Amino acid sequence: MKILIVGGGGREHALAWRCAQSVRVQHVFVAPGNAGTALESKVSNIDIAADDIDALLRFAIGEDVDLTIIGPEGPLVAGIVDRFGAADRRCFGPSAKAARLEGSKAFTKDFLRRHRIPTAGSATFGAADFDEAYVRAQRLPLVVKADGLAAGKGVVICETHESAIATSREMLGGSFGAAGSTIVIEEFLQGEEVSFIVVAQDQQVIALATSQDHKRRDDGDRGPNTGGMGAYSPAPIVTAQLHRRIMREVIEPTLKGLASDGNPYVGFLYAGLMIAADGTPNVLEFNCRLGDPETQPILMRLQSDLIDLCEAALDGALERLEVRWDSRAALGVVMAAGGYPDAYRKGDPISGLDAAASLPGKVFHAGTRAEGAYIVTAGGRVLCAVGLGDSVGAAQRQAYSLVHAIHWNLVQYRLDIGYRAMTRE
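Parameters and conventions
- Residues numbered from 1 in each chain as written.
- Predicted model: local features only at pLDDT ≥ 70, side-chain atom pairs only at ≥ 80, totals over all residues.
- Heavy atoms only, no water.
- Pairing = 2+ DSSP bridges.
- Helix = DSSP H or I, 4+ residues; strand = E, 2+ residues; numbered from the N terminus.
- Contact = heavy atoms within 4.5 Å.
- Axes fitted to C-alpha atoms, helices over the stretch in contact; angles between N-to-C directions.
- Buried < 20%, exposed > 50% of the residue type's maximum accessible area, 1.4 Å probe, protein only.
- Phe/Tyr/Trp six-rings, centres within 6.5 Å; stacked < 30°, edge-to-face > 60°.
- Polar contact = N/O pair within 3.5 Å; in protein donor to acceptor, adjacent residues only side chain to side chain.
- Core = buried A, V, L, I, M, F, W, Y, C linked by side-chain atoms within 4.5 Å.

Novice: Could you clarify how one ought to interpret the sheet that holds strand β4 (residues 67-70) in this entry?
Specialist: Note on sheets: strands pair through backbone hydrogen bonds, and any given pair is parallel or antiparallel. Read across the sheet, five strands follow the order β3-β2-β1-β4-β5 without closing on themselves; strand pairing throughout is parallel. Single-partner strands in this sheet number two, and they are β3 (43-45) and β5 (91-92). As defined by bridge partners, β4 adjoins β5 across two bridges and the pair is classed as parallel. Directly across from T68, in β5, lies its bridge partner C91. Relative to the sheet, helix α1 (residues 10-20) contacts β1 (2-7), β2 (27-32), β3 and β4, its axis offset from that of β1 by approximately 170°. Sitting on the sheet, helix α2 (residues 53-62) touches β1, β2 and β4, and the angle it makes with β1 is about 170°.

Novice: How do you make sense of the sheet that holds strand β8 (residues 155-158) when you look at a structure like this?
Specialist: Taken in spatial order, the four strands line up as β6-β9-β7-β8 in an open sheet, and their pairing is antiparallel. Both outer strands of the open sheet, β6 (122-126) and β8, are each paired with one neighbouring strand and no more. Within the sheet, the average angular offset between the axes of one strand and its neighbour, ignoring direction, is 20°. By the bridge criterion, five bridges tie strand β7 (residues 142-146) to strand β9 (residues 182-187) in an arrangement that is antiparallel. Across the sheet, residue K145 finds its bridge partner in β9, namely V184. Across the face of the sheet, helix α6 (residues 105-114) comes into contact with β6, β7, β8 and β9 while running at roughly 50° to β9.

Novice: Looking at this structure, I do not really get unusual backbone geometry. What am I missing?
Specialist: The residue after L140, namely P141, is reached through a cis peptide bond having omega -10°. Its location among the elements puts P141 in the loop between α7 (132-136) and β7. Phi is positive for D88, close to 60°, though the residue is something other than glycine. For D88, a relative accessible area of 69% corresponds to the exposed category. Positive phi is not limited to glycine here, since L410 has a value of about 65°. Relative to the elements of secondary structure, L410 occurs in the loop between α13 (392-405) and α14 (419-424).

Novice: Just checking my understanding: could you explain the packing of aromatic side chains for this structure?
Specialist: Between two aromatic rings, the relevant description is the distance of the centres plus the angle of the planes. Evaluation of the coordinates by the stated rule reveals seven aromatic pairs. With 6.4 Å between their ring centres and 20° between their planes, F107 and F111 make a pair best called stacked. With F107 and F111 both in helix α6 and four residues apart, the pair spans about one turn of that helix. We classify F107 as buried; its relative accessible area is 18%. Put simply, the rings of F125, F130 and Y134 pair up and form one aromatic cluster.

Novice: Would you take a moment to explain helix α11 (residues 306-314) for this structure?
Specialist: Every α-helix carries 3.6 residues per turn, so stepping three or four residues along brings you back to the same face. Summarising burial for α11: seven of the nine residues are buried, a large majority. For α11, the set of buried residues is L306, I307, L309, C310, E311, A312 and A313. The backbone nitrogen of I307 lies 2.8 Å from a side-chain oxygen of the residue at the head of α11, namely D305. Of the residues flanking the end of α11, it is G316, one or two places downstream, whose phi is positive at about 70°.

Novice: Honestly, the nonpolar core in this entry has me stumped. Any pointers?
Specialist: The nonpolar side chains of a soluble globular protein tend to be buried with one another. The biggest cluster of nonpolar side chains holds 49 residues, and the ones touching the most others in it are V250 and I251. For this core, the element with the most residues is helix α9 (residues 240-260), which contributes seven residues. In contact with I251, not counting residues within four places along its chain, are F196, V198, V205, I246 and A271. Counting residues in hydrophobic clusters, the runner-up holds 41 residues, among them A14, W17, V266 and L309.

Here it is in C-alpha cells:
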C-alpha cells in the first residue's frame, strides 16, 4: 500500500512513523512533512502544502495512493474528504459538514444544546449585536472564544468584565481574522480537563487510549493557552465508570445527533472534556482529527496496525476489530521556540538530536526543517520527546532524559508534564 499523510507537525510525524511500521505499507508520503519525517524509513516528504487540496488530489491520483489520512483541521473543514471521495480516492476523515464541529464553535454550541449533551452555558455574538451588558451580568472568570479556526489560540480566559469586553472587541475587530468575526462567550468551568479520542464510522465507535494534555505554557498550568505543551496516556482520572459515562453522555449522542442531522461521521473524533466534581463530562470543544500532542504518546502505545483501524472505519467494520495497547504509560514533553505562543524565533540550529536518538523513547519533530547539514527550528512547537514506562512517573523520567539531551537558543518547555497523574500514582 501507498499512504499519504497530510500535514507537517508532530502529529503527522507520529502518524507517518506508525503507518510505516505496517507490513502492508510499501511507502508513506507526507505533505509537506518536516525534518523528522524525512529521516524515517519508508517515508518521504512531498512539497505540497496541507491546504492545497487540488495538488494533493493530483498527487494521490498520480501516485495511485491507496489511503490518505488527514492530520490538521484546516483541510477537513475545507472539504478535502469530499473532494477525494468525489474522485473515488479513499481518504480518512469527516466530511466538511461534519467537520463544522471543529470549524465553528457557535455551530457546536447549538448542536450540543439541541442534542442535550453537557457543556458550559454560552452566548454567541457578532460585531453588530455584541452586548456589553450581557458580559457584565456574567459570573467571573469568563471564556471568550473565536468562532473559527485559530490554531488552538482563539480561547482567552478573562478574569474581569473589562478584559472580557476588550478581548471580545479585539476578536470582533479582526485580531484573529475571519475566525473572530463571530465569538462565543462561555462560562468558566471548574474541574479537570481530559482528551477523549475515538475512531468513528457513523454510530460504530472504538475509543482510543485515554490521554490528558497541558494547554498552558508554564509550569503549574499558568501562562497563556497554547496548542499543547505535553500529554500523557493513559489518563488515570478516566476510570472504567467515567469511560462508560463519557461514551453514554457525550460520544454516542454526538454520533447519533450528527447522523440524525444528515451528517454521519467518519474519522477521528476528539472530545475535549472538563470533568466536574460530580463526574459530569462537559464538552469544552470537539476536534475532528487526532490531537497534538496527544497523538504522540497514544501512538507510542498502539500495538495494532493503524492502517487496519482506518480501513475498518471506512469499510463500516469497526465492530469486528479489536485494538491492542501497550500496558505501559507514555508521556510526551513539547519543546517550543522562544516566544511561543506569541511571536517566536525561527532558524535556530538544534543540537543533541543524534544523542537523543541513542536513548530510549522517541523524539517526534513538528516545527523543524533541514538547512544544509543542520536541522533548525521552523515553528512554535518544535519537538515532542516521548518516553515509555511502567508508570507515568517512569515515562516522564525517560521523556525528560531526551529533552535534556537536546538544545537550541531560548528553547522552552514545562518541567511538570504529567504531575496530575503522578499525584494519583
